[in-house]
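Per-entry structural report
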Amino acid sequence: MIKVLVGSRNPVKIESTKIAFEKYFGECEVIGIDVNSNVPAQPVNKETFDGARNRALELLQINEAKNFEADYFVGIEGGIMETYNIWFSFGCMCIIDNKQKTSFGTSPLFPLPDTVISRLLNGEELGDVIDKMYEKENTKQNLGAIGYLTNGIMDRTELYVSGIVTALIPFANPNLF
């Protein structure tokens, strides 16, 4: 059975990783470990990719130092990006294996309203903004912004599974990558 370390104790990130990896590898052990992304709390554009990679790299170092014998290291970072004058939210996933092969994937992009973007660009984090807008607590460990903006049609777990599945493509097709 493969062992996967995820750079967070957020249950959404752990469950998303488990679901995606089991699609490729069957039953696996997934362990969440808090690590730093070393990017702002609300990453913008390339910072989102940097944060995901930083999380995966820190897990690789922890694995070597503590001899966890994990096979894969997953960094997940939620961020925002602008393209075509539209601001989108998305999740970026970086997966590194125990041979240091690295791959990235992203969730689907989804648009954010201007009122949310202005708050994010002023330093607030998307989860906190959504909590205030919908008078909820800790939405980023539940439905996430996507859950509220899609009226419950998609939740944050489903959003992240797609990004992890795509980040696993090079590992599932080693003859091509």
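Scroll up for the structure.
Computed from a predicted structure; not experimentally measured. (Residues numbered from 1 in each chain as written. Predicted model: local features only at pLDDT ≥ 70, side-chain atom pairs only at ≥ 80, totals over all residues. Heavy atoms only, no water.)

1. Brief notes about the packing of aromatic side chains
Going through the model one piece at a time under the given rule, you end up with 8 aromatic pairs. Summarising the aromatic geometry, the rings of F21 and F25 are spaced 5.8 Å apart at their centres and angled 25° between planes, so their arrangement reads as stacked. Linking F21 with F25, this pair stays in helix 1 (residues 11–25), spanning 4 residues, or about one helical turn. A relative accessible area of 0% means that F21 is categorised as buried. (Phe/Tyr/Trp six-rings, centres within 6.5 Å; stacked < 30°, edge-to-face > 60°. Helix = DSSP H or I, 4+ residues; strand = E, 2+ residues; numbered from the N terminus. Buried < 20%, exposed > 50% of the residue type's maximum accessible area, 1.4 Å probe, protein only.)

2. Observations regarding the side chain of S16
Take S16: it is sitting in helix 1. The class of S16 is buried, set by a relative accessible area of 0%. A polar atom in the side chain of S16 sits 3.2 Å from the backbone oxygen of T157. Excluding its chain neighbours within four sequence positions, the residues that come into contact with S16 are R156, T157, Y160, V161 and I164. (Polar contact = N/O pair within 3.5 Å; in protein donor to acceptor, adjacent residues only side chain to side chain. Contact = heavy atoms within 4.5 Å.)

3. Here we look at the pattern of salt bridges
With the rule as written, the count across this model stands at 7 salt bridges. In this structure, the salt-bridge partner of R119 is E124, at a minimum N-O distance of 3.2 Å. With a relative accessible area of 26%, R119 lands in the partly exposed category. Accessibility expressed as a relative area gives 24% for E124, which makes it partly exposed. (Salt bridge = Lys/Arg side-chain N within 4 Å of Asp/Glu carboxyl O.)

4. Overview of the environment of N175
Inspection of the secondary structure assignment puts N175 in the segment after helix 7 (169–172). Judged by its relative accessible area of 68%, N175 falls in the exposed class. Remark: the alpha-carbon pair of N175 and N38, spanning 137 residues in sequence, is separated by 33 Å.

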